[in-house]
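Observations on the model geometry
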Amino acid sequence: MFWHVHDHRDEPEAGHFLQAPMAVALQGGGAHGAFTWGVLDRLLDKTDLAPAALSGASAGAINAVAVAWGWLNGGIDGARQALRELWTAVGRMSLLSPMGLPGAGLQFDLMTRVVSPYQFNPLNLNPLRDLLAGMIDFERLRRESRIPLFISATNVATGDQRIFRETEMSIDVLMASSCIPYAHQAVEIDGEPYWDGGFTSNPPILPMVLETDCRSLLVVKLTPDSEPGLLTAAPDIFARLKRILFNAPLLRELDALAEMQKLLGRTQLVPGDLRRLRDLPVEMVAIEQRFFGVTSGSALNPHPDLLGHLHEAGREAAAALFDRAAVAGHDRRAK
């Protein structure tokens, strides 16, 4: 099952990157996951076969599982509908959340520095858990998923990453992958407590490209490629520090992949699967810096207006990817 473009509609012919069996890696980032929704929505609108694989952490994991579940029920249309239902419901929930009140984000940040979720939420209530449990039949997904999944979580005791596959998928896995430790209690799986997968694998890259037959890789980043300017306010400094820390696992994996490709490129005498890895093209779509300003909304407050802006920005970013791929394809044919 591949993500393979052959319906060009009224757009230029796509380049080889979008024609190859493509694996898609989805970074975590709270409400900014609606940007990923937009990217996926545009990709699904353009293509008509399943992706080679999906990986994700936190919000990326939720998006990946929503696509896999929707695809199981209705192919492309089912996947797009599942994503829309998910983020529409998340937006509705935010209207009932106190996080949208003036100053609520700062108050929550200060509170979580001295009070743990075991104290301010002893019953471990989580509306997102209820939403996902009602939306997805995880037992059926484990049995019948047509898309390979690689979902990360972080073992609290060891600090190691754990990658969950589609045959292991459950509501606990999704909650573990998206468990911010200062906001939610750790999620226990197989007797081990887990936190957000973004701490160790945000998102998984190497397991996906090594264990599948993908011929290209698309990474959807929920951290901007750069954030120029000197930060002087404490909230801005802490927010930027968090983004750097959550982006570090992705940079490590991409560096490791690039080093593998460099080593394999020193000789032509390599087996077929290693040639696939050596020649694997990597593309990236990154969220814009404008979504991280003081007036841009919080990743902890998925207000419908913010989600709508993020979704549209994601679609535009995916469209730009199509344009780049079309130009690359045209250049190759011209040679």
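This section reports on the structure supplied with the text. Just so it is clear, the structure is predicted and the values come from calculations on it, not from any experiment.

With that settled, consider the overall build of the protein. When you go through the protein residue by residue, the secondary structure sums to twelve helices and eight strands. The buried share among the 335 residues of the protein stands at 50%. Taking the contacts inside the protein whose residues are at least 6 apart along the sequence as the reference set, 77% of them involve residues at least 24 apart. Surface summary for the protein: the accessible area is close to 15500 Å², and the carbon and sulfur share equals 57%.

Judged by nonpolar contacts, the single largest core of 66 residues is most densely connected at Phe35, Val65, Leu86, Ile151 and Met169. Take this core: its biggest share by element is 18 residues, from helix H3 (residues 59-94). Once you skip the residues sitting within four places of it in the chain, methionine 169 turns out to touch Val65, Phe138, Leu141, Arg142, Leu149, Ile151 and Phe164. Residues Ala53, Val209, Leu254 and Leu264 belong to the second largest nonpolar core, which totals 19 residues.

Turning our eyes to something else, we now look at the pattern of salt bridges. Tallying each qualifying case throughout the model produces 22 salt bridges. A salt bridge links arginine 80 to aspartate 41, with the nearest nitrogen and oxygen atoms 2.8 Å apart. Of this pair, arginine 80 sits in helix H3 while aspartate 41 sits in helix H2 (residues 33-46); the two residues are 39 residues apart in sequence, bridging distant segments of the chain. Looking at aspartate 41, the relative accessible area reads 4%, which means it is buried. Residues glutamate 139 and arginine 143 are paired through a salt bridge, measuring 3.7 Å at the closest nitrogen-oxygen approach. A residue pair is termed a helical-turn pair when its members lie 3 or 4 positions apart in one helix, as glutamate 139 and arginine 143 do in helix H7 (residues 138-144) at four residues. Overall, the relative accessible area of 49% leaves glutamate 139 in the partly exposed class. Each member of the salt-bridge network shares a partner with another, and the members are Asp41, Arg42, Asp45, Arg80 and Arg315.

Moving on, we come to a nonpolar patch on the surface. A grouping of Phe238, Leu241 and Leu245 is seen on the molecular surface, where their side chains present a nonpolar patch of about 290 Å² in accessible area. Turning to its location among the elements, phenylalanine 238 is positioned in helix H10 (residues 234-264).

Definitions and limits used
- Residues numbered from 1 in each chain as written.
- Predicted model: local features only at pLDDT ≥ 70, side-chain atom pairs only at ≥ 80, totals over all residues.
- Heavy atoms only, no water.
- Helix = DSSP H or I, 4+ residues; strand = E, 2+ residues; numbered from the N terminus.
- Buried < 20%, exposed > 50% of the residue type's maximum accessible area, 1.4 Å probe, protein only.
- Contact = heavy atoms within 4.5 Å.
- Areas by Shrake-Rupley, 256 points an atom, 1.4 Å probe, with all protein chains shown as cover.
- Core = buried A, V, L, I, M, F, W, Y, C linked by side-chain atoms within 4.5 Å.
- Salt bridge = Lys/Arg side-chain N within 4 Å of Asp/Glu carboxyl O.
- Patch = residues over 30% accessible without salt bridge, like charges linked within 9 Å, V, L, I, M, F, W, Y side chains within 5 Å.

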